[in-house]
Amino acid sequence: MFYRCNYYFFDLTYNIFLFSLGPLITKVKEAQADIIVDTLCANMLGKEEILKETSSIGLKTVILEIPIHANNLISAVCKKITGRMINAVSQGDVSLQLECLEIFSDLLFRFGHVMSLYYPQVKDALLPQLENSRTAINKRAITCIGFMTITCNDALYTEIINHILNRLKNSDVSNAKIYINCSAAICKHSGPRMDPYLKAFIDLIIKCIPSNDEDLKEACFLALEVYVRRCPKEASVYIEQVRY
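Remember, predicted model here, so these are calculated numbers, not experimental data. (Residues numbered from 1 in each chain as written. Predicted model: local features only at pLDDT ≥ 70, side-chain atom pairs only at ≥ 80, totals over all residues. Heavy atoms only, no water.)

### Some words on the side chain of S56
So, step 1. With respect to the secondary-structure elements, S56 resides in helix α3 (residues 49–65).
So, step 2. A distance of 2.4 Å separates the side chain of S56 from the side chain of E99, its partner in a polar contact. (Helix = DSSP H or I, 4+ residues; strand = E, 2+ residues; numbered from the N terminus. Polar contact = N/O pair within 3.5 Å; in protein donor to acceptor, adjacent residues only side chain to side chain.)

Set out below in structure tokens:
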């Protein structure tokens, strides 16, 4: 009975905390917001499981609730979170990696224009996760990379594309699916920026289609569909080649 009562009060406090955090972050001064975010990051990366979960949701709430025009606050929050998340993604704690990648995807989607300052470091943290043994981590890394290519500069975009192409050329069936899916995510989010590299990807994908692996075939056809939808002019040249 005592345990249930304690759990109930904790759950109630937890819900009140999350409910009030969104409005609070939009009203406090930058220094106070910095303390809130710093505390949430420290708790999320700590050892207390309950605090980890609460703080992870709290960070997502903060990211969601910050007004898009609050430039100084956005800059401070991105700077505070990014360094901590980069270090955590490189560690071997799977549950922590998943949470960090989800927070990264929220940051990149909402504040890509500010996060671009940290893209080189973020890229170095994300690309190795494409070959992580956990499928869920692969998928979240792909989502983050896709969002990043919306706002990254041309040099970094080329660097990411070349990495994906080189790994695809030398991958086994399992990893080929990952890099094909990643190319589709990049094309989906960056569209015409993919035009100069489309031929290289299509040539490699066509070579993969005869594989006996049904999942690889499906990845190939889904990627080709994205190419045609997002880069119709460039992709139209290869439609006949793909048909046969």
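### Description of the pattern of salt bridges
So, step 1. Inspection of the entire model under this criterion finds 15 salt bridges.
So, step 2. Between K80 and D34 there is a salt bridge, with its nearest N and O atoms 3.5 Å apart. Of this pair, K80 sits in helix α4 (residues 71–89) while D34 sits in helix α2 (residues 30–44); the two residues are 46 residues apart in sequence, bridging distant segments of the chain.
So, step 3. What makes K80 partly exposed here is its relative accessible area of 24%.
So, step 4. By relative accessible area, which is 28% here, D34 ends up partly exposed.
So, step 5. Here K80 and D38 are joined by a salt bridge, their closest N and O atoms 3.8 Å apart. One end of the pair, K80, is in helix α4; the other, D38, is in helix α2, and 42 residues separate them in sequence.
So, step 6. Connected via shared salt-bridge partners are D34, D38, K80 and R84. (Salt bridge = Lys/Arg side-chain N within 4 Å of Asp/Glu carboxyl O. Buried < 20%, exposed > 50% of the residue type's maximum accessible area, 1.4 Å probe, protein only.)

### Some remarks on the environment of R167
So, step 1. If you trace the backbone, R167 turns up in helix α8 (residues 154–169).
So, step 2. Since its relative accessible area comes to 35%, R167 is described here as partly exposed.
So, step 3. Distance from R167 to A136, taken between C-alpha atoms, is 19 Å for residues 31 residues apart in sequence.
So, step 4. Not counting residues within four places of it along the chain, the set of residues in contact with R167 comprises E131 and Y179.
So, step 5. In this structure the side chain of R167 is engaged in a polar contact, spanning 2.5 Å, whose partner is the side chain of E131. (Contact = heavy atoms within 4.5 Å.)

Worth remembering: the numbers are spatial, not functional.
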